[in-house]
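Listed below are the residues making up each chain.
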Amino acid sequence: MSDHKKDPNVIRAEILTKKYPDKKALDNLTFTIQGSSITGLIGRNGAGKTTLMKLCAGLLTPTAGCLEIFGEPPGNNLKVLTRIVYACHDQPHDKNLRLRNVLSNYQIMFPVFDREFADKLVSFFRLNPKAKYGTLSQGMSSVFNFICGLACRAPVTLFDEPVLGMDAATRKSLYEVLLRDYNEYPRLILISSHLLTEIEGYLSDILLIDKGRLVWHGNIDDLRQSAYRLQGNVDVLESFCAGKHVLYQKHGVTDNIAVVREHPDDETVQEAAAAGLTLSVVRPEDLCLYLTQDTTEEELECLWEKTN
Amino acid sequence: MFVGKDELINARKLTGQWLHNTRFNWLFMSVTFAFVFLGNIMTLFNYYSETSRGIRTHQIMDYSRPVAFGLVGALVIMMLLYKTTDTKCVMFPQTGTSRFLAEKARYYCLIGAAGLNLVVYYFVAYALIGLWGQIVGDTMFANRFSIGFTLAGLLAWLLYMSIVLETMLALRLFIMKFRILSAVGLVLLVLLTIIDFAAIESFGATAIGALILERGLGFFLLKGIALWVLLFALSMVINKISLQDQSSRSAKQVITDNVTLAITVVAALVFVIVFIPQSLDSRIPRNLVIPSEEAYELTIPEFDPGPNRFVMNLDASGIPRGSSITITTIDVVKANDATQSVPDSDYYPLPEIVTMLYTVQDEQALLNFTGNEIRLEYWLPTWETGGIDMTRYIQPRFSARLDGNTLCLEYQYTLTSNAFFLPMWSFMEQFDTFKEKGIFYESAMPLFYNTRGERGWILISVD
């Protein structure tokens, strides 16, 4: 796309910080997203995903640091804002508007909004264009907002928790539509979620944040290769993991597991096998969990401990 | 630039979207207006059930004042609820300036629609009553319907409401910073508007004073536009430097970037506040209103030859010398009797207003008649209400004849006529440029209470 040719950095954040009166939502976040991709913005509840999305959409102002889209700050910048669409599951459309009227609004405001495609999607997802926005269920509302966002065909498309309230079949259809449309019209699609399992097959990159800080940013395959799981005898396991960055470990009666944050090269694989340990790949979802988990098994057990 | 072309286009799109989304509200509002207006006009046709004698006058309500008050109230509510309603288009590309311009455009759409509704109301009222007059025959307009005045009033009304709007928008700074204080400020502004806009002058707003005192419509509009432009720029600057508009630039930066505009605004402010009022205050008298005592004084007129003066000579050569001539009358009253019968109150029943008075120059000459003819010099009654000559609606006719030794005086007038007053832009009377122009409540109402109706007068003499 021409935008990408001019400036390879579609989104560039440098020590980006956003403070609310009661908390710091983003803390010195630095990353760069280049070219077209479907990037997953992954994080737990309150990690700062929506804040980052809204900053990208120019709806919020950074407290410190810098955020640029196509080389310019998005806030109050129509040149940039007309190339960004932000779609969340509960867009604050007028509840009395009919769906077709909401689509007309998008058509007015976004120069490349594909109305025909939007109408087709409305029909595909079995929505009634004459229905009022306020009468939609949570899932249908999420579907409709996804349609609005996708049909804008904006060079930067931001989906904030787009599948909230949707049933499994609809979610699957939605991801397939997303992937197919991306293939037809490559662009940067940033999609936030705290459920990675469902979308990992559609993502090319992952931006993992926790408590406003960047935990991981890169290709999803690299994430898969960034850690491995070991299973075996507890003593052997502890000996093998000594000096390594262990993300997670669990000692059971028969099952002892450890997750090590390290690329499993051939030598490691051979050593593990020689020690009688089973080495396997960690699922990205689990890895994200280990990378962001801040509660321990002990804390969990303490919940049922009697104080006297 | 202060506002970019893209921002203007964006503001237009946001406004267009809002207009499209609220089109049914507009339709509903217009239909409601139409029903209220038509209901008011139609009640006037109940006059046929009335039985009073003489000319009947009807006052059509002028909505320029209540609509203005309702509009200001609606604007206050919209502004206070703006943060809630604004979120409905937050997902679309926009800047603080284009959003503010779009918000302004919404308010101006409301003002424009209200003004247009008023003009349509005036025209419909005029057309309906005119049509009714053509069909029925005894119905007419008391005042002349002036298209020029109607349109000038519309312009001035729109301008005035725009100035009020911009003042309110400038107060938005307080809404953002001090929500409660601003609400109090807005309520105060509304109260001042309802009482009288001139009251603001007492707060030292000399620019407003210059507007109130201006008599010429052209200058009034020019000054009003200057003040509006100033307030418009002021609200834009306030919006620009407020936090809401600043995603990446500090207030200092904005001012520095727009230094030319800032200088222009300050210069315009100084010019309007200092120079214009000074040049006007010296030559415009402060009080141009006719004192109410003089305006509404009720008097029996002295002989005052006027335009309605007529002379009639009756040949009395056939009447025997020395005989006495008696006078019989129909709707004519002897002056002294009439004076005694005039009630002390300000209220005059309609039939008395249209009764003529007569006086005899030499009573003895009639009792012992020796002349050849009787000379009747008479003035038909004139009736002016609200600065409008209503005489033509009475259609006064006087006739006199000698029937033997009896002088018959008969005064006739149209028994049932209906004259309609259509006051316009009474809300604008607070400005000197609209004083004594058009029909306002204050000037039309005396018809029913404190009239300047003048009686017809007959002076009888013997030649």
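Quick notes on the rules
Residues numbered from 1 in each chain as written. Chains lettered and ligands numbered in written order. Predicted model: local features only at pLDDT ≥ 70, side-chain atom pairs only at ≥ 80, totals over all residues. Heavy atoms only, no water. Helix = DSSP H or I, 4+ residues; strand = E, 2+ residues; numbered from the N terminus. Buried < 20%, exposed > 50% of the residue type's maximum accessible area, 1.4 Å probe, protein only. Contact = heavy atoms within 4.5 Å. Areas by Shrake-Rupley, 256 points an atom, 1.4 Å probe, with all protein chains shown as cover. Lys, Arg positive; Asp, Glu negative; His and termini not counted. Charge placed at Lys NZ, Arg CZ, Asp CG, Glu CD. Pairing = 2+ DSSP bridges. Axes fitted to C-alpha atoms, helices over the stretch in contact; angles between N-to-C directions. Buried area = accessible area lost by both parts, 1.4 Å probe. Salt bridge = Lys/Arg side-chain N within 4 Å of Asp/Glu carboxyl O. Polar contact = N/O pair within 3.5 Å; in protein donor to acceptor, adjacent residues only side chain to side chain. Patch = residues over 30% accessible without salt bridge, like charges linked within 9 Å, V, L, I, M, F, W, Y side chains within 5 Å. Expected span 1.5 Å × (residues − 1). Phe/Tyr/Trp six-rings, centres within 6.5 Å; stacked < 30°, edge-to-face > 60°. Lys NZ or Arg CZ within 6 Å of the ring centre and 35° of its normal.

Caption draft 1: Representation of the overall build of chain A within the structure. For chain A, the helix and strand inventory stands at 13 helices and 13 strands. Counting all 308 residues of chain A, 51% fall into the buried class. Sequence separation of at least 24 residues holds for 69% of the intrachain contacts in chain A that already meet a minimum separation of 6. Of the roughly 14600 Å² of accessible surface on chain A, a fraction of 49% belongs to carbon and sulfur atoms. Charge-centre separation for chain A: the mean point of 34 positive side chains lies 11 Å from the mean point of 40 negative side chains.

Caption draft 2: The arrangement of the sheet that holds strand E13 (residues 278–281) of chain A in detail. Residue and element names in this part refer to chain A. On the basis of which strands lie adjacent, the open sheet formed by four strands has the order E11-E12-E10-E13 and antiparallel pairing. Every interior strand has two partners, whereas the edge strands, strand E11 (246–251) and E13, have only one. Averaged over all adjacent pairs, the angle separating strand axes in this sheet is 15°, with direction ignored. Relative to E13, strand E10 (residues 228–231) runs antiparallel, the two being bridged by four bridges. Bridge pairing in E13 places Gln231 opposite Thr278. Packing of helix H12 (residues 284–292) onto the sheet brings it into contact with E10, E11 and strand E12 (256–260), and relative to E11 it is tilted by some 100°.

Caption draft 3: Quick peek at the environment of A:Ser173. Residue and element names in this part refer to chain A. Position of Ser173 among the secondary structure elements: in helix H7 (residues 168–184). Residue class for Ser173 comes out partly exposed when judged on its relative accessible area of 24%. In this structure the C-alpha to C-alpha distance between Ser173 and Thr63, which are 110 residues apart in sequence, comes to 39 Å. Those residues in contact with Ser173 that sit more than four places away from it in its chain are Phe124 and Phe125.

Caption draft 4: The arrangement of the sheet that holds strand E10 (residues 397–403) of chain B in detail. Residue and element names in this part refer to chain B. Within the open sheet, the three strands sit side by side as E4-E11-E10. Their pairing is mixed. Both outer strands of the open sheet, strand E4 (326–330) and E10, are each paired with one neighbouring strand and no more. Strand-to-strand twist of the sheet, defined as the mean angle between neighbouring strand axes without regard to direction, takes the value 15°. Pairing geometry for E10 and strand E11 (residues 406–412), over seven bridges, is antiparallel. Counterpart to Phe398 in the pairing with E11 is Tyr411.

Caption draft 5: Broad picture of unusual backbone geometry. Residue and element names in this part refer to chain A. Unlike most non-glycine residues, Ile15 shows phi in positive territory, near 35°. The topology assignment puts Ile15 in strand E1 (residues 9–19). Positioned with a positive phi, Lys211 is a non-glycine residue whose angle comes to about 50°. Within the fold, Lys211 resides in the loop between strand E8 (205–210) and strand E9 (213–219). With relative accessibility at 49%, the residue Lys211 sits in the partly exposed group.

Caption draft 6: Summary view of the environment of A:Ile11. Residue and element names in this part refer to chain A. Tracing the chain through its elements places Ile11 in strand E1. With a relative accessible area of 0%, Ile11 lands in the buried category. With 61 residues separating them along the chain, Ile11 and Glu72 place their C-alpha atoms 9.3 Å apart. Apart from the residues within four sequence positions on either side, Ile11 is in contact with Phe31, Thr32, Ile33, Cys56, Leu67, Glu68, Ile69, Val156, Leu188 and Leu190.

Caption draft 7: View of the interface of chain B and chain A. Each partner contributes to the interface: chain B provides 22 residues, whereas chain A provides 22 residues. Here chain B packs against chain A, burying approximately 2000 Å² in sum over the two surfaces, 64% of which is carbon and sulfur. Joining chain B to chain A, the criterion identifies zero salt bridges. Our count for the contact surface shared by chain B and chain A stands at two residue pairs in polar contact (both at pLDDT 80 or more). Ranked by residue count, the leading element in the side of chain B that touches chain A is helix H1 (residues 5–21) of chain B, at eight residues.

Caption draft 8: Local environment of a positive patch on the surface. A contiguous patch of positive charge on the surface is contributed by A:Arg98, A:Arg100, A:Lys130, A:Lys132 and B:Arg23. Here A:Arg98 lies in the loop between strand E5 (84–88) and helix H4 (99–109). Assessed through its relative accessible area of 31%, A:Arg98 is described here as partly exposed.

Caption draft 9: Representation of H12(A) within the structure. Of all nine residues in H12(A), eight are buried, a share of seventy percent or more. Every buried residue of H12(A) is accounted for by A:Pro284, A:Glu285, A:Asp286, A:Leu287, A:Cys288, A:Tyr290, A:Leu291 and A:Thr292.

Caption draft 10: Highlighting helix H6 (residues 147–170) of chain B. The end-to-end C-alpha distance of H6(B) is 34 Å, a good match for the 34 Å that 24 residues give at a rise of 1.5 Å each. In terms of burial, H6(B) is largely enclosed, as 18 of its 24 residues are buried.

Caption draft 11: A look at the packing of aromatic side chains. In the structure shown here, the tally under the stated rule is 18 aromatic pairs over all chains. Relative to A:Tyr202, the ring of A:Tyr175 has its centre 5.3 Å away and its plane inclined at 25°; by these criteria the two rings are stacked. A residue pair is termed long-range when its members are at least 10 positions apart, and A:Tyr175 in helix H7 and A:Tyr202 in the loop between helix H8 (196–199) and E8 qualify at 27 residues. Per residue, the accessibility class of A:Tyr175 equals that of A:Tyr202, and both read buried. Pairing B:Tyr63 with B:Tyr121 gives two aromatic rings, centres 5.2 Å apart and planes at 75°, and the pair type is edge-to-face. One end of the pair, B:Tyr63, is in the loop between strand E1 (54–59) and helix H3 (64–80); the other, B:Tyr121, is in helix H5 (residues 96–136), and 58 residues separate them in sequence. Accessibility expressed as a relative area gives 10% for B:Tyr63, which makes it buried. Counting every residue linked through ring pairs, the aromatic cluster contains B:Tyr63, B:Tyr121, B:Tyr122, B:Trp157 and B:Trp425. Here the basic side chain of A:Arg153 rests over the ring of A:Tyr185, its NZ or CZ set 3.8 Å away from the ring centre. Seen from the ring of B:Phe232, B:Lys104 lies directly overhead, with NZ or CZ sitting 3.4 Å from the centre.

Caption draft 12: Quick look at a nonpolar patch on the surface. Residue and element names in this part refer to chain B. A surface patch of nonpolar side chains, amounting to about 420 Å² of accessible area, comprises Leu38, Met42, Leu116, Val120 and Val124. Looking at the nonpolar patch, the elements that each hand over two or more residues are helix H2 (23–43) and H5. Here the element with the most residues in the nonpolar patch is H5; it accounts for three residues. Inspection of the secondary structure puts Met42 in helix H2.

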